[in-house]
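If you want the building blocks of each chain, they are given just below.
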Amino acid sequence: MKFRFPIVIIDEDYRSENTSGLGIRALASAIEQEGFDVLGVTSYGDLTQFAQQQSRASAFILSIDDEEFTSDTGIDPIVLSLRSFITEVRRKNTEVPIYVHGETKTARHLPNDILRELHGFIHMFEDTPEFVARHIVREAKAYLEGVQPPFFKALLDYAEDGSYSWHCPGHGGGVAFLKSPVGQMYHQFYGENMLRADVCNAVEELGQLLDHNGAIGESERNAARIFNADHCFFVTNGTSTSNKMVWHHTVAPGDVVVVDRNCHKSILHSIIMTGAIPVFLKPTRNHFGIIGPIPKSEFEHSAIQAKIKANPLLKGVDAKTVKPRILTITQSTYDGVLYNTETIKNMLDGYVDNLHFDEAWLPHAAFHPFYGSYHAMGKKRARPKHSVVYATQSIHKLLAGISQASHVLVQDSQTVPLDRPLFNESYLMHTSTSPQYSIIASCDVAAAMMEPPGGTALVEESLLEALDFRRAMRKVEEEFGKGDWWFKVWGPDKLADEGVGTAEDWIIRGDTKGSKKSGNTKWHGFGPLADGFNMLDPIKSTIVTPGLNLDGKFDKTGIPASIVTKYLAEHGVVVEKTGLYSFFIMFTIGITKGRWNTLLAALQQFKDDYEKNQPMWRILPEFCQQHKRYERMGLRDLCQHVHQLYAKYDIARLTTEMYLSDLTPAMKPSDAFAHIAQRRTERVPIDELEGRITTSLITPYPPGIPLLIPGEVFNKKIVDYLKFSREFSALSPGFETDIHGLVEIEDVDGNVSYFADCVAEVEVARSKPAAKKASAQKALPAPTVAAKKGAAKSKGSAKKAPFPKPAIAKSTRAIKERADAQTDSLVQVGDTGPFARNV
Ligand SMILES: Cc1ncc(COP(=O)(O)O)c(C=O)c1O
């Protein structure tokens, strides 16, 4: 594969008709003869900017003419320029060859700090251009070979080899696609290399992912070193899978586990999968709906023991002697709140055997001192005495990984090493035997990219862009002045005037009166927090729209965030997540100035259109196409309409209280979930849910945090919230809360009813006589409801409705016929109905 990495020559005489120009052009032409591209520029003008392009160069030749030296003091302008250029290149790249090309001046004329960064000093006309070119090209080639990490290098070699493959995948290096027009399009779109390198585990020379050997094993060891871990396992199915691997290795049925209530659903799936009994640590929330940290006091042994004691599923367990098998916390939260992991390790070492930090959103932190000990594994940090530490990271979220690229990092404790073969049993259980090799390659490449100093520079750039964005937003606000409004970026009051500032500005401080550090205590709205236990990651930016203050009080006017993000989307800016009055963006290492400046400009346009109350049909045509009722409204009127509805129902408070309400487990999550396989569920209308036990995860979006897990009981606050959501959907189509886990059923007249799948009443009556019963007449076994009412649609993406979806059911008759057919097929042979085997 021919990579385009030119050798860059900077010489002000590059195009001049003088000796110097002739000499450098002769060298350029000799380099081209050797098969390398040359990029010749004449200006030392913006050297630093140019140095930032170093990732595209295979070598630099920096030309200096005799007349540019005026003294031997080392402070000639040319020396200063060279120094700043070389410093900028070396900030990210210690390896790329740099040559100085001079006339008669020698090493004597350059200071040591420049000389030690050079690969050579070329004297014009001393050797033939051909000889010099061969020397430089050899170094450039060695450099390019050296940047390839182990697996990517092996994959390149394989793809270049041109062997005929008889192994899977069956497209045979892309050839199958060439046999049809649409296949041709696919081939042209992705390109030959992607398809040639799409191989299977029959290719021995690449090593085996499932055995962690060969080039893949080497690459995993390389990544472990780079990420400060003892072990690294590449995972080709996202951190959702990494989490399950860690859990299957550490947790057995009936084990007590300690889990952040604000965890990703893959952790909840892990609880269900392993048969564990969870006790939850409850995070704080502010009224913007932002999930805060779990207070430090929740990590105390006594606090965990109190939770174990209070858990009805752990009756008879001696809270004082039982040791939780694992602790999993979300590090960072979706909005960027981090924990001081050293504090947690110190508090729990030896009490909880496995400490798991779900760092899906934090793989960058290990590469910049800014993050101190606010991430799981750092250099020169003492390992816990007893507890093994796991970190699971989505390489594809914040680093240069392609979708689903993830890894598990493990740090042995002082006394307990990871048993790799045993871990691999769990790894195998969750890994396809046909992994996607381009995901493996991106894990390999992303790790190599983060190797300091390059990785540190990349993270520094993200931090800098994030801070520049925050400063720019504040400047805009200042310009609008006090009587006007503008969007705020949630974060500490104090920001450095320039540069990335210090981590101290972002560490959340306790309200210690009189302390110098007590300034940063209130901005977050999470109430009193332990001093220094948490920090906010500056690269995660939550942008707050007007309408709701930190106390949860609604202003007279307001701008719901969903309208802003719909507006942004129609103007080509897609954000990561939208809440009620906030939305979220991230400054990943892929961010550019252009991207955040475009966002800022689009927000300005929004404000302008809002002030002018521009008609919706003009500014949000795609949205109005779907929801014609808003066509003739003005933007400001629509904002006010939705804002007033939110205020009327006090939705911020309702949501917060619902999340903070007492959630009672009535059954082990795995037992409740088993009801699905055993078909012992009932599809219960939401009005009758109070007291019923869910068999599914119930997750409202926003905020996307599971509200109930299988085995827990719907309480009044949750049922009120579900009723409110239903009413709100009817009043404001297009702005409804999506609640995964609810089943939506549309009758023949298009009326939609909402249900949740619960443990069947008969089952509850048998096992838990105290549980509240809903009306058995209305709550029917799932198939019967669907068959009677029409088509069922699950709101959960992962949960398919067992019956035809409205989109494919063309007529009432068709619906009925299909539903009848489905119902028939669900009745088990020899049984009299779906519940027959229990009776
Ligand atoms: C905290 C957390 N953990 C794990 C995951 C799952 O990661 P992936 O999408 O790589 O499977 C996510 C996804 O958003 C997450 O937010």
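Residues numbered from 1 in each chain as written. Predicted model: local features only at pLDDT ≥ 70, side-chain atom pairs only at ≥ 80, totals over all residues. Heavy atoms only, no water.

Q: What is the right way to look at the overall build of the protein chain in this model?
A: Broken down by element type, the protein chain carries 28 helices and 26 strands. Excluding contacts between residues fewer than 6 apart, the proportion of contacts in the protein chain whose partners are at least 24 apart in sequence is 71%. Accessible surface, the protein chain as shown: approximately 36500 Å² in total, 53% of it carbon and sulfur. (Helix = DSSP H or I, 4+ residues; strand = E, 2+ residues; numbered from the N terminus. Contact = heavy atoms within 4.5 Å. Areas by Shrake-Rupley, 256 points an atom, 1.4 Å probe, with all protein chains shown as cover.)

Q: Even after reading the chapter, I still don't get the pattern of salt bridges, so can you show me in this structure?
A: Considering all chains together, one arrives at 39 salt bridges under this definition. Taking the shortest distance from any N to any O, the salt bridge between D468 and R471 comes out at 2.9 Å. With D468 and R471 both in helix α17 (residues 454–480) and three residues apart, this pair spans about one turn of that helix. Using a relative accessible area of 22% as the deciding quantity, one classes D468 as partly exposed. Under the relative-accessibility criterion, R471 is labelled buried at 15%. As a salt-bridge pair, E611 and K607 come within 2.9 Å of each other at their nearest N and O atoms. Taken together, the residues span about one helical turn, with E611 and K607 both in helix α19 (residues 593–611) at a distance of four residues. We classify E611 as partly exposed; its relative accessible area is 36%. (Salt bridge = Lys/Arg side-chain N within 4 Å of Asp/Glu carboxyl O. Buried < 20%, exposed > 50% of the residue type's maximum accessible area, 1.4 Å probe, protein only.)

Q: How do you make sense of the environment of L327 when you look at a structure like this?
A: Tracing the chain through its elements places L327 in strand β9 (residues 326–330). C-alpha separation for the pair L327 and D260, spaced 67 residues apart in sequence, amounts to 8.1 Å. Ignoring any residue separated from it by four or fewer positions in sequence, one finds L327 in contact with V258, L281, F299, I344, L348, V352, N354, L355 and H356.

Q: Which parts of the structure should I look at to understand the packing of α17 against α19?
A: For any two helices packed against each other, one specifies the crossing angle of their axes together with the interaxial distance. Packing of α17 against α19 leaves a shortest axis separation of 10 Å and a crossing angle of 25 degrees. If you check the angle between α17 and α19, you find them roughly parallel. Seen along the crossing, α17 lies across α19 with a hand that is right-handed. Contacts between α17 and α19 involve E465, D468, F469, A472, M473, V476 and F480 on the former and, on the latter, K593, W596, L599, L600, L603, Q604 and K607. (Axes fitted to C-alpha atoms, helices over the stretch in contact; angles between N-to-C directions. Parallel < 35°, antiparallel > 145°, perpendicular 65-115°, else oblique. Left-handed = near helix turned anticlockwise from the far one by under 90°.)

Q: Before we go on, may I ask you to explain the sheet that holds strand β17 (residues 540–544) in this structure?
A: Through backbone hydrogen bonds, the strands of a sheet pair up, either in parallel or in antiparallel fashion. Strand order in the open sheet formed by four strands is β14-β17-β19-β18, with antiparallel pairing between adjacent strands. Looking at which strands have only one partner, the edges of the open sheet turn out to be β14 (488–489) and β18 (577–578). Bridge count between β14 and β17: two bridges; the pairing is antiparallel. Paired with K488 across the strands is V544, a residue of β17. The strands touched by α17 are β14, β17 and β19 (582–586); relative to β17, the strand with the most contacts, the crossing angle is about 20 degrees. (Pairing = 2+ DSSP bridges.)

Q: I would appreciate a short explanation of the nonpolar core in the present structure.
A: A general tendency of soluble globular proteins is for nonpolar side chains to be buried together. Of all hydrophobic cores here, the largest spans 188 residues; its most connected members are W247, F299, L327, L348, F469, F606 and F714. The dominant element in this core, judged by the number of residues it contributes, is α17, at nine residues. Each residue touching L348, except ones within four places of it in the same chain, is listed here: F299, H301, I304, L327, L355 and S387. By size, the runner-up hydrophobic cluster in this structure holds 40 residues, among which are L27, A30, A140 and Y143. (Core = buried A, V, L, I, M, F, W, Y, C linked by side-chain atoms within 4.5 Å.)

Q: Just to check I follow, could you spell out helix α13 (residues 341–348) for this structure?
A: Among the eight residues of α13, seven are classified as buried, and the element is accordingly described as predominantly covered. For α13, the set of buried residues is T341, E342, T343, I344, K345, M347 and L348. Structurally, α13 contributes buried residues whose contacts are with α12 (301–310), β9, β10 (337–339), β11 (354–358), β12 (388–394) and β13 (406–411). Structurally, the start of α13 carries an N-cap: the backbone nitrogen of E342 is 3.2 Å from a side-chain oxygen of N340. (Polar contact = N/O pair within 3.5 Å; in protein donor to acceptor, adjacent residues only side chain to side chain.)

Q: Teacher, can you tell me more about the site of the ligand here?
A: Taken together, G238, T239, S240, N243, H264, T330, D358, A360, W361, S394, H396 and K397 make up the full set of residues adjacent to the ligand. At 2.6 Å, a side-chain N or O of S240 approaches an oxygen atom of the ligand. Here an oxygen atom of the ligand sits 2.7 Å away from a polar atom, N or O, in the side chain of H396. For the ligand, whose free accessible area comes to 390 Å², the fraction covered by protein is 85%. (Near = heavy atom within 4 Å.)

Q: Any chance you could explain the UniProt feature "modified residue: N6-(pyridoxal phosphate)lysine" (unreviewed entry) in the protein chain here in plain terms?
A: According to UniProt, the positions carrying the feature "modified residue: N6-(pyridoxal phosphate)lysine" (unreviewed entry) are K397. By the secondary structure assignment, K397 is in helix α14 (residues 395–398). Judged by relative accessible area, which is 25%, K397 ranks as partly exposed. Leaving out residues up to four positions away in the same chain, K397 has contacts with A360, W361, M586 and T588. (UniProt positions renumbered as here; feature names shortened; annotations may be inferred.)

Q: Would you mind showing me how to read the side chain of H356 here?
A: In this structure, H356 sits in strand β11. Once residues lying within four places of it in the same chain are set aside, the contact partners of H356 are N243, V246, W247, I267, I326, L327, T328, I329, Y390 and T392.

Q: So what exactly am I meant to see when it comes to a nonpolar patch on the surface here?
A: Taken together, the side chains of Y186, F189, Y190 and M194 present a nonpolar region at the surface, about 420 Å² in accessible area. No other element matches helix α7 (residues 181–190), which puts three residues into the nonpolar patch. Among the structural elements, Y190 can be located in helix α7. (Patch = residues over 30% accessible without salt bridge, like charges linked within 9 Å, V, L, I, M, F, W, Y side chains within 5 Å.)

Q: Is there a simple way to explain the packing of aromatic side chains in this structure?
A: Ring pairs (aromatic) are described by centroid distance and by the angle formed between their planes. Considering all chains together, one arrives at 35 aromatic pairs under this definition. Seen from their ring centres, Y339 and F533 are 5.7 Å apart, and the 75 degrees between their planes marks the pair as edge-to-face. Of this pair, Y339 sits in strand β10 while F533 is found in the loop between β15 (507–508) and β16 (534–536), placing the two residues 194 residues apart along the sequence. Seen from their ring centres, F370 and Y371 are 5.8 Å apart, and the 65 degrees between their planes marks the pair as edge-to-face. Owing to a relative accessible area of 6%, F370 belongs among the buried residues under this scheme. Ring pairing ties together the aromatic residues F480, W485, W486, F487, Y567, F606 and Y610, which thus form one cluster. Positioned above the aromatic ring of F280 is the side chain of R261, whose terminal nitrogen or guanidinium carbon lies 4.3 Å from the ring centre. Lying across the ring of W361, K397 places its NZ or CZ 4.6 Å from the centre. (Phe/Tyr/Trp six-rings, centres within 6.5 Å; stacked < 30°, edge-to-face > 60°. Lys NZ or Arg CZ within 6 Å of the ring centre and 35° of its normal.)

Q: Mind showing me how you'd approach the sheet that holds strand β8 (residues 277–281) here?
A: Within the open sheet, the seven strands sit side by side as β6-β13-β12-β11-β9-β7-β8. Their pairing is mixed. Looking at strand neighbours, the two that pair on one side only are β6 (231–235) and β8, the edges of this open sheet. Strand-to-strand twist across the sheet, computed as the mean angle between neighbouring axes with direction ignored, equals 20 degrees. Summarising the sheet, β11 and β12 pair through five bridges and their orientation is parallel. Residue pairing in the sheet places F357 in a bridge with A391 of β12. Packing against the sheet, helix α10 (residues 238–250) makes contact with β6, β7 (256–260), β9, β11, β12 and β13, and its axis sits at approximately 160 degrees to β12.

Q: Just checking my understanding: could you explain the confidence of the model for the protein chain for this structure?
A: Any region with low pLDDT has predicted coordinates that should not be read closely. Overall, the prediction assigns the protein chain a mean pLDDT of 87, with 87% of residues at 70 or greater. Residue range residues 769–777 is modelled with pLDDT below 50. Its contacts to residues more than four positions away, or to other chains, number 11 contacts. Across residues 796–839 the pLDDT falls below 50, and counting only partners more than four positions away or on other chains, this stretch makes 62 contacts in the model. (pLDDT = per-residue confidence, 0-100.)

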